[in-house]
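Results of the structural survey
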Amino acid sequence: MNRLLLIALFALLFVSCDSKKEEKAKKNDELSAHDQKMEWWREARFGMFIHWGLYADPAGEWKGERINGISEWIMARAEIPVKEYEKLAENFNPDKFDAEAWVKLAKYAGMKYIVITSKHHDGFAMFHSKASKYNIVDATPFDRDPLKELADVCKREGMRLGFYYSQAQDWHEPGGTYWNIEEGKPHWDPDLEREPLMNYINGKAVPQVKEILENYGGLDILWWDTPRGMTEEAANALKAVTDDYPNLITNNRLYRPWPGDFQTPEQHVPPTGLDYDWEVCMTMNTSWGYKWYDENWKSTEELIKMLVDIASKGGNLLLNVGPTATGEFPKASVERLKEIGHWMQQNGKSIYGTSASPFYKLPWGRCTTKKEGGVTNLYLHVFDWPKDGLLKVPGLEANVRDVYLLSNPKQHFAWKFEEGDLHVHAPSVIFNEINTVVVVKIRGEMTVTSNKPHLKEGSVLLPADFADIYNPGYGEHAVLKGSSSNSIIANWVDARTRLEWIFDAEPGKYRVEALVWSAERGGVTVRLGDQKIETEIPDTGEDYELLKLGEIEITESGEQSISLLPATGNTCDKQLMYLELVKLQQQ
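Residues numbered from 1 in each chain as written. Predicted model: local features only at pLDDT ≥ 70, side-chain atom pairs only at ≥ 80, totals over all residues. Heavy atoms only, no water.

An order of β19-β22-β27-β24-β25 is seen for the five strands of this open sheet, with the pairing classed as antiparallel. The outermost strands of the open sheet, each flanked by one partner alone, are β19 (468-470) and β25 (531-537). Pairs of neighbouring strands in the sheet enclose a mean axial angle of 25°, with direction left out of account. The pairing of β19 with strand β22 (residues 498-505) spans three bridges and is classified as antiparallel. Paired with Y470 across the strands is R498, a residue of β22. (Pairing = 2+ DSSP bridges. Helix = DSSP H or I, 4+ residues; strand = E, 2+ residues; numbered from the N terminus. Axes fitted to C-alpha atoms, helices over the stretch in contact; angles between N-to-C directions.)

In structure tokens, the structure reads:
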């Protein structure tokens, strides 16, 4: 090649690199210090939570009795005396712990960060602490620092790392708080003579937080839990330590009035997202720590759809694993993480770095978005592939340039605009049984007209597929069957299950009606704000009936929320009804 040409090419390359650096620097200047700190976290969308400690040894059982509740709370739930619980450390030897295997599985699953318990409420440190001998190196035969090993592997593998730290509750210490301290009840162990909270904060909590921030290669996240019994004085003492680390991200659980950098909905997904950075922490089964007999596992399908649902609302998912006392991930957790990873290998672009959906609800699934220059990608997550071959995107006005399958960009789809909606003509084949991602590439600006239910011609229609379903963490789950206008909510049997709709309405009195089919009598409760209606659902025979549930009053215009749930006392062996629609008729 001509020497002058080579010089010219190298010059262009350097100009291009300099241009990219200048562009990145300009972008960083435009971002606030807080936004710069949060940028990687917002792009990550998916992380792994790990609850691991001495509680993995009893694994939910104490002296032959299965203890109700989450296993990491066994010391409190079984009211185990401090000295007796301490004996668990004498035999705690997780010799099968492999930090590299943990991190590589998290990476395969598509997770971008890990948060692990450095000290839970039982007061036992899973790291080498000079502040307290009650730690995994000094008190167990294991004689290794697993968090140091994990931190080293995370650094090598490019995995962001955070430590969970129980700052207030410490059931092992005389000054630590405990689960019912705010009710004025004494500690369950009468031999634990109580001391002021600040004795524990200054003597153990502050020194240990300094240790984990100084000795583990620079943490990305400090995940506080819980503020139960916390004081502002104690919170300030701990905050003074973290203030020395301006790039450290912290959550909202240090002290109740303080927001931290992100909010932490636990075991539920907000129906419409939050107006502040947020992260759902969620178990795969019922317990956070390992519980040997807890087989109530969420399916891979449920977990993938949950991840997508959260990303579509602008949040992160921190999905939990509870390792065994030997240091291994449960087989069921590994299986699900690998299956999630398989989906993420093909579809991760629709999760990482995305923003919330511009649509209120999509009857067939969810949407995430990503802007790149003058192009916007809409990632349509199709949970229910349309049987008629027509995927309708409501209220979209845009310059669509292409529509294709994310996992195979060569698979293009025909499309057209009709009656204010984008219609995508989908082949009869289902590309992914759980979630097919279709990309709509848009040039320039777009406009979306919201399809949120609203008052129209004197009524508000709330179809089944617009409901958010809140199930308990165990037992039978209510499910949505069918799609679009053919949807119904079935298997609605548990009094802890709640259906919720968000809608817009004007002040006034409304008659609440429900289009249902019911084979046996049962009670239902309707709630809107402080208002509560309880009514009996009759046997409707062979057909659906529009039943009157009662009347409510809306006092302010704008967004409203209405909930339906089976009446208290409804048992899991009684099918309440099949529900197709709720209607609010203005009086």
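The next subject is the sheet that holds strand β12 (residues 390-393). Taken together, three strands build an open sheet; the order of strands is β12-β16-β15 and the sheet is antiparallel. A single partner strand is all that each edge strand has here, and the edge strands are β12 and β15 (414-418). The sheet shows a mean angle of 25° between the axes of neighbouring strands, taken without regard to direction.

Moving on to the pairing of strand β14 (residues 408-412). Strand direction decides the pairing type here: strand β13 (residues 396-405) and β14, joined by two bridges, are antiparallel. Each residue of the ladder has a partner; that of Y404, found in β14, is H412. Here β13 hands over to β14 after two residues, the two strands then running antiparallel side by side.

With 105 residues, the main nonpolar core has I114, I201 and L319 as its most contacted residues. Listed in part, the 34 residues of the second largest apolar core include L455, V460, A464 and I533. (Core = buried A, V, L, I, M, F, W, Y, C linked by side-chain atoms within 4.5 Å. Buried < 20%, exposed > 50% of the residue type's maximum accessible area, 1.4 Å probe, protein only.)

This next bit is on the packing of aromatic side chains. Within the structure shown, the criterion is met by 24 aromatic pairs. Taken together, a centroid distance of 5.1 Å and an interplanar angle of 70° make the contact between W73 and W171 edge-to-face. You can see W73 sitting in the loop between β3 (65-66) and α3 (74-77) and its partner W171 sitting in the loop between β5 (160-165) and α7 (197-214), a full 98 residues away along the chain. Just as W73 is buried, W171 falls in that class too. Through a chain of ring-to-ring contacts, the aromatic side chains of W52, F92, F97, W102 and F329 assemble into a single cluster. The aromatic ring of Y360 is capped on one face by K361, whose charged end is 6.0 Å from the ring centroid. Sitting over the ring of Y470, R498 keeps its end group 4.1 Å from the ring centre. (Phe/Tyr/Trp six-rings, centres within 6.5 Å; stacked < 30°, edge-to-face > 60°. Lys NZ or Arg CZ within 6 Å of the ring centre and 35° of its normal.)

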